[in-house]
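# Reading the structure
Listed here are the chains, written in short residue letters.
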Amino acid sequence: MTQAPTPTADTVRRLLRPLLDESTGRNTGRTGGPDVRPVGEGHEHTWWVGTRQVLRLAPDRDASARRRRELRLRDLVRPHVPVTVPVSVAHGDWAPGLAYTLDTVVPGGTADEHDVSAVGEDDLAGLLGGLRAVPVRPAEALGVPHTAPRSLDALRRMAVQAAERLAAADEFDTTRLHLTPPGAAQLAARHGTEVLTHHGLIGEHVVVSADGRVRGVLDWTEAALGDPAEDIAGLAVAVGAPAAVRAATLAGYGPRPCLRGLWLARCDTVLRLAGRLEGRAPGHLPLLRSRLRRAWEPILLERVTEFKDDDDTPP
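These notes cover the structure that comes with them. This structure is a prediction, so every number in the text was calculated from the model and none was measured. Every residue gets a number counted from 1 within its own chain, in the order that chain's sequence is written. This being a predicted model, a pLDDT of at least 70 is required before a residue's local features are given, and a value of 80 or more before pairs of side-chain atoms are given or counted; all residues contribute to the totals for chains, interfaces and linings. Each side-chain value is derived from all of the structure's non-hydrogen atoms; neither hydrogens nor water enter the calculation.

## Observations concerning empty space enclosed by the protein
Threshold: Cavities and pockets were defined on a 1 Å grid built from protein atoms only: a cavity is a group of points that admits a 1.4 Å probe but offers it no way out, a pocket is an open group of points flanked by protein on both sides within 12 Å along at least five of seven lines, and a lining residue is one with an atom within 4 Å of any such point. Grid points are joined across faces, edges and corners, and a volume is the space filled by probe spheres set on the points. To qualify as a helix, a DSSP run of H or I must reach at least 4 residues; to qualify as a strand, a run of E must reach at least 2; elements of each kind are numbered from the N terminus. Ten residues, namely Ala, Val, Leu, Ile, Met, Phe, Trp, Tyr, Cys and Pro, are considered nonpolar, four, namely Asp, Glu, Lys and Arg, are considered charged, and the remaining ones, Gly among them, are considered polar.
A full pass over the atoms with the stated rule returns two cavities of 30 Å³ or more. By volume, the second largest cavity amounts to about 40 Å³. Forming the walls of the second largest cavity are Leu128, Leu131, Arg132, Val195, Leu196, Thr197, Pro228, Asp231 and Tyr253. Breaking the lining of the second largest cavity down by element, the ones donating at least two residues are helix 3 (118–133) and strand 7 (195–197). Residue composition of the lining of the second largest cavity, grouped by class: six nonpolar, one polar and two charged.

## Here's the deal with the layout of surface pockets
Its boundaries defined by the atoms lining it, the largest pocket holds a volume of some 1,400 Å³. Lining the largest pocket are 40 residues; nearest its centre among them are Val39, His43, Thr46, Glu204 and His205. Counting residues per element, the ones that place at least two in the lining of the largest pocket are strand 2 (46–49), strand 3 (53–57), helix 2 (61–77), strand 5 (98–104), strand 6 (109–110) and strand 8 (206–208). In terms of residues, the lining of the largest pocket owes the most to one element, helix 2, which gives four residues. Its residues placed into classes, the lining of the largest pocket shows 14 nonpolar, 15 polar and eleven charged. Taken as a whole, the second largest pocket spans an internal volume of roughly 320 Å³. If you go around the second largest pocket, you meet 14 residues; those closest to its centre are Arg272, Pro282, Gly283, Leu288 and Arg291. At the level of elements, helix 9 (255–277) and helix 10 (285–295) are the ones that each hand at least two residues to the lining of the second largest pocket.

## Focus: the nonpolar core
For clarity, the threshold we go by: The set of buried Ala, Val, Leu, Ile, Met, Phe, Trp, Tyr and Cys residues whose side-chain atoms join them within 4.5 Å is what this entry labels a nonpolar core. A 1.4 Å probe rolled over the protein chains alone gives each residue an accessible area, and that area as a share of the maximum for its type sets the label: buried under 20%, exposed over 50%, partly exposed in between.
Counting 71 residues, the largest nonpolar core has Leu73, Val77, Leu127, Leu196 and Val239 as its most contacted members. Examining the composition of this core, we find that ten residues originate from one element, helix 9, more than from any other. Listed in part, the 16 residues of the second largest apolar core include Leu15, Trp47, Ala95 and Leu98.

## Looking at the pairing of strand 5
Our working definition: In short, DSSP must find at least two bridges between two strands for them to pair.
Of all seven residues that make up strand 5, six are buried, and the element is covered over most of its length. Pairing analysis gives five bridges linking strand 3 to strand 5, with the strands arranged antiparallel. Opposite Gln53, over in strand 5, you have Thr104 as the bridge partner. In this sheet, strand 5 lies alongside strand 4 (residues 88–95) in antiparallel orientation, the contact comprising six bridges. Its bridge partner being in strand 5, Gly92 is matched across the sheet by Tyr100. Taken together, strand 4 and the strand that follows it, strand 5, pair antiparallel across an intervening segment of two residues, in which Gly97 is found at a positive phi of about 80°.

## Observations regarding unusual backbone geometry
Comment: phi is negative for the bulk of residues other than glycine, and the bulk of peptide bonds are trans. At Asp170, a residue that is not glycine, the phi angle is positive and equals roughly 60°. You will see that His199, though not glycine, has its phi angle at about 65°, which is positive.

Written out as structure tokens, the structure reads:
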């Protein structure tokens, strides 16, 4: 596997200068190049270019393949969803075999910064419903992989152990993790419910404006054909369990996939926080605690104990 060198401001400017000259139709003659800066600590392969563009540099060949597939996938998804999907203004290789994309910035903050309003929940419902409507065969033709549903019971067992360690650190009340083995079995993924999933709907990928509208969704490199509960789980972590479940319900999902997504999110957040506290996983502690809090917000749907056979069949 080709491993990329760590990019610097100078290497980024050298890459961008001919691209910007080409886009303006003239040679700018600037020696300093455009204003560039990394988007944040730990994101040395993603750079702001002025205020209107973002440069994403693939760090290895696997990421390059996903980045190239993403370009075509975004075109496939865009007509089906009501939120903005980023547009690439240039793409190519920034090092031998390593891809880059120069995208337009989607204005707004993140779901970690702004709460989603009721109208924003409608936006999320449109996103989930739109992803359901994307035809599977064209996505397969682009190389979008199929992913098998995760075992909720196996995840539950790991989360129970992690919750006990969090309780010892005064980080979690284990009585909250009341999902039983029969309950997990009831929430197993059902055959024939596979859809295109973003598979990375964390807060930083959901663009939210100050008025609570969802304006866009970023980073489609991990998209997969699989369990729709994964995107419901991602939204539970990003915007809170009640908003995620309301959006999924508006999109036509029944109680089973909504509750499955909720418990995937809850178990994941317990495991991630425990991993970080024990030094086995990366992450910013305040953010991990915030994500755990969002996923564990109570919802009335948890009282549902029986499901119709068709409660997760597309309408």
